[in-house]
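One-letter residues, chain by chain:
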Amino acid sequence: MVELDGRSLTIDDVAAIARDAAKIALTAEAEAAVARGEALLRGMIADGTPIYGVTTGFGALDGRAVPAERNRALQHN
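The rules we used
- Per chain, the residues get numbers from 1 upward, laid out in the order the sequence is written.
- The model is predicted, so local features are restricted to residues of pLDDT at least 70 and side-chain atom pairs to those at 80 or more, both for listing and for counting; the totals for chains, interfaces and linings are taken over all residues.
- Side-chain numbers come from the whole structure's heavy atoms, not from hydrogens or water.
- For helices the rule is a DSSP run of H or I covering at least 4 residues; for strands it is a run of E covering at least 2, with both sets numbered from the N terminus onward.
- Under the rule applied, a polar contact is a pair of N or O atoms within 3.5 Å (in protein, one hydrogen donor and one hydrogen acceptor; residues adjacent in sequence only if both atoms are side-chain atoms).
- Contacts are assigned to residue pairs with any non-hydrogen atoms lying within 4.5 Å of each other.
- Any carboxyl oxygen of Asp or Glu within 4 Å of a side-chain nitrogen of Lys or Arg constitutes a salt bridge here.
- Only protein chains enter the accessibility calculation, which uses a 1.4 Å probe. A residue is then buried if its area is under 20% of the maximum for its type, exposed if over 50%, and partly exposed in between.

Attention now goes to the side chain of Thr56. Residue placement: Thr56 occurs in the loop between α2 (28–47) and α3 (71–76). Within the structure, Thr56 has its side chain in polar contact with the backbone oxygen of Asp62 (distance 3.2 Å). Beyond its immediate stretch of four places on either side in the chain, Thr56 contacts Pro50, Ile51, Leu61, Asp62, Arg64, Ala65, Val66 and Leu74.

Shown next as structure tokens:
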């Protein structure tokens, strides 16, 4: 089992995950950090803050806003 904490991932861990299908788990601290990041991102989206690749297109379309109802499709694509 490789525990992901956001600080200590090694190349050996990556190899175990990629080559040997090692199971992974987030530590409680990593889960909390992800939740904080999600809350921050959702707040920025709600405020209309342009975020490259999240609320805008990519590359040549980076200045073009993506309507909120298309955000899920953008992230999926």
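The discussion continues.
Right, let's get into the pattern of salt bridges. Oppositely charged side chains can pair when the atoms bearing their charge come close. Here the structure, examined in full by the defined rule, presents 2 salt bridges. Taking the shortest distance from any N to any O, the salt bridge between Asp5 and Arg7 comes out at 4.0 Å. Between Glu38 and Arg42 there is a salt bridge; the shortest N-O distance is 2.9 Å. Linking Glu38 with Arg42, this pair stays in helix α2, spanning 4 residues, or about one helical turn. Taking relative accessible area as the criterion, Glu38 reaches 41% and is therefore assigned partly exposed. Among the residues examined, Arg42 registers a relative accessible area of 57% and is labelled exposed.

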